[in-house]
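# Notes for the structure review
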Amino acid sequence: MQKRDQKIRLIKNAIDSLSDNRSDCHLCPRMCHVNRDKGEIGFCGVGNRAFVAHYCLHFGEEPFLSGYYNYKKNLQTKSSLSGSGAVFFAGCNLKCIYCQNYQISWQVSGACVSPDKLASIFLVLQEKKALNINLVTPTHVILPILEALKRAFILGLNIPIVYNTSAYDSYETILNLDGIIDIYLPDFKYLREDSARRLSNAPDYPKRAITAIKEMYKQVGNLKIDNEGNAKRGLIIRHLILPGHMEESCTILEWIAANISTKVYLSLMSQFYPCNNLPDEINREISKDEYDGVLA
């Protein structure tokens, strides 16, 4: 009860602190300065309401988010595999040219939901035994998410909150989430400005991601896992390996070791698939040698 009340208080403070973004949006590094209250839409493609493309118990996340460790110990029953309570938000403040969820991120395919409806989605996922509430691409809709979380905590939400992001976040926004987010799950995409410019039209991505990830780690530290193998709090850094970018991937891992921790949990993702109209440099899947090289 005390922890819940503290989260509700922190959420109210965060909403107050970030509320000016409704009329002058600078929630993310795009700094669009649109007036969402008047229906203006910035780079992300979304106004002052959240759009939900899909929500479900997701079993494809990292094992300690999806319950696979516990499942392996109880192979006789699939009921032990609870899944991550994933909520996929439409729109995106980064919009990588190779995005495999193009319809969601670029075309904003989803249903507009009120904070009350979003709160009910969180609670439904908890009732289905979700291990966490996994906010997928939350940056541009963090204000309606906070409104929904406030309502959901009042109504009994008590599982960890995961902030699943591209890491193209503003320091101010992340700072205001201290004590609210239990698990940060950023995808550290680039460390080279030219890569970020060509592939995501965001040359400032490296410095923005570095600042955001450092603050995330300061807030939650290394990953804490319970006796069932489920994540409760901490930082997990993802990295999607891109074809022809093995050297940059290794540089990112070296930066993490030198500037964050050698004990931080890493998720090296190999599932890049060429879709949309891509330049030749990345118009292929990554090779086994590339993945093995980064892994080594």
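A brief structural summary. Residue positions within a chain follow its written sequence, with the count starting from 1. Restriction of local features to residues with pLDDT of at least 70 applies here, the model being predicted, together with a cutoff of 80 or more for giving and counting side-chain atom pairs; totals for whole chains, interfaces and linings are based on all residues. Hydrogens are left out, water is left out, and the side-chain values use all remaining heavy atoms of the structure.

Moving on, we come to the nonpolar core. One finds Y98, L118, F122, L157 and Y205 to be the most contacted residues of the largest nonpolar core, which totals 80 residues. A helix here means a DSSP run of H or I that spans at least four residues, while a strand means a run of E at least two residues long, and both kinds are numbered starting from the N terminus. Here the element with the most residues in this core is helix α6 (residues 142-154); it accounts for eight residues. Every residue pair with non-hydrogen atoms within 4.5 Å of one another is taken to be in contact. In this structure, Y98 is in contact with K189, Y190, L199, L240, L242, F272, C275, N276, L278 and I282, ignoring residues within four places of it in sequence. Think of a nonpolar core as a cluster: buried Ala, Val, Leu, Ile, Met, Phe, Trp, Tyr and Cys residues, connected wherever their side-chain atoms sit within 4.5 Å. To sort residues, take the accessible area from a 1.4 Å probe on protein chains only and compare it with the maximum for the residue type: under 20% means buried, over 50% means exposed, and anything in between is partly exposed. F64, I183, L223 and I236 belong to the second-largest nonpolar core, a separate cluster that totals eight residues.

With that settled, consider the pairing of strand β8 (residues 231-240). Taking burial as the measure, the 10 residues of β8 include eight buried ones, the bulk of the element. When DSSP finds at least two bridges between two strands, those strands are taken to pair. One ladder, built from two bridges, connects strand β6 (residues 183-186) with β8; its direction is parallel. Each residue of the ladder has a partner; that of I183, found in β8, is G234. The hairpin turn running from strand β7 (residues 224-225) into β8, its antiparallel successor, is five residues long, and G229 in that turn takes a positive phi close to 85 degrees.

Glancing now at unusual backbone geometry. Leaving glycine aside, a negative phi is the common case for residues, and trans is the common case for peptide bonds. Phi at V108 takes a positive value of approximately 50 degrees, unusual for a residue other than glycine. If you trace the backbone, V108 turns up in the loop between α4 (102-105) and β3 (111-113). A positive phi is found at N201, a non-glycine position, where the angle reads about 50 degrees. In this structure N201 comes out as partly exposed when scored by relative accessible area, which is 49%.

Side chains carrying opposite charge are able to pair once their charged atoms draw close together. Each reported salt bridge corresponds to a side-chain nitrogen of Lys or Arg within 4 Å of a carboxyl oxygen of Asp or Glu. Scanning the model with the defined rule gives 16 salt bridges in all. D5 is the partner of R4 in a salt bridge, and the nearest nitrogen-oxygen pair spans 3.6 Å. For D5, a relative accessible area of 39% gives the class partly exposed. One salt-bridge network, held together by shared partners, links R22, D116, E147, K150 and R151.

Residues are called lining when one of their atoms sits within 4 Å of a cavity or pocket point, these points coming from a 1 Å grid over the protein atoms alone, where a cavity is a set in which a 1.4 Å probe fits but cannot get out and a pocket is an open set with protein on both sides within 12 Å along at least five of seven lines. Grid points are joined across faces, edges and corners, and a volume is the space filled by probe spheres set on the points. When its volume is computed, the largest pocket comes out at roughly 840 Å³. Of all the secondary structure elements, the ones that give two or more residues to the lining of the largest pocket are β2 (84-89), α4, β5 (161-165), β8 and β9 (265-269). Classification used: nonpolar for Ala, Val, Leu, Ile, Met, Phe, Trp, Tyr, Cys and Pro, charged for Asp, Glu, Lys and Arg, polar for all others including Gly. When its residues are assigned to classes, the lining of the largest pocket shows 10 nonpolar, 12 polar and six charged. As a volume, the second largest pocket reaches approximately 190 Å³. If you trace the second largest pocket, you find it lined by M1, K3, R4, K7, F153, G156, L157, N158, I159, P160, D182 and K232. When residues of the lining of the second largest pocket are assigned to their parent elements, the largest contribution, three residues, is made by helix α1 (residues 2-18). Counted by class, the lining of the second largest pocket contains five nonpolar, two polar and five charged residues.

Moving on, we get to the pairing of β5. Consecutive side chains of a regular strand alternate in pointing toward one face of the sheet and then the other. The buried count for β5 comes to five of five residues, which makes it a mostly enclosed element. Residues I161, Y163 and T165 point to one face of β5 and V162 and N164 to the other, with burial holding for every one of them. Pairing of strand β4 (residues 133-136) with β5, which is carried by four bridges, proceeds in the parallel orientation. Within the sheet, the bridge partner assigned to V136 lies in β5 and is N164. Following the chain from β4 across α6 to the adjacent parallel β5, one finds a crossover that is right-handed. Inspection of the sheet shows β5 paired to β6 by four bridges, in the parallel sense. Pairing of T165 across the sheet is with P186, part of β6. Whether a crossover is right-handed depends on one test, that the path from the first strand over the helix to the second runs clockwise when the strands point away from the viewer.

To continue, consider helix α9 (residues 205-220). Given a helix with a known number of residues, its expected span is that number minus one, times 1.5 Å. With 16 residues, α9 extends 22 Å between its outermost C-alpha atoms, agreeing within 8% with the 22 Å of an ideal straight helix rising 1.5 Å per residue. Those residues of α9 not exposed but buried are Y205, P206, A209, A212, I213, E215, M216, Q219 and V220. Taken together, the buried residues of α9 touch β5, α7 (171-175), β6, α8 (193-200), β7 and β8. Phi turns positive, to about 70 degrees, at G221, one or two residues after α9.

Between N-to-C directions, angles cover 0 to 180 degrees, with each direction set by a line fitted to C-alpha atoms, over the stretch in contact for helices. Between helix α5 (residues 115-127) and α6, the least distance of the axes is 8 Å, while the angle of their chain directions is 60 degrees. With respect to α6, the axis of α5 lies oblique. When you trace α5 past α6, the crossing you get is right-handed. For the pair formed by α5 and α6, the contact residues are P115, D116, L118, A119, F122 and L123 on the first element and P144, I145, E147, A148, L149, R151 and A152 on the second. Any angle that falls under 35 degrees is termed roughly parallel, while one over 145 is termed roughly antiparallel, one within 65 to 115 roughly perpendicular, and all others oblique. Throughout, a crossing is termed right-handed when the near helix is turned clockwise from the far one, and left-handed when it is turned anticlockwise from it by less than a right angle.

The next thing to look at is the environment of N134. With respect to the helices, strands and loops of the structure, N134 is situated in strand β4. Taking C-alpha positions, N134 is 6.6 Å from N164, a pair spaced 30 residues apart along the chain. Non-local contacts of N134, meaning those with residues more than four positions away in its chain, are made with E61, S84, G85, A86, V87, V162 and N164.

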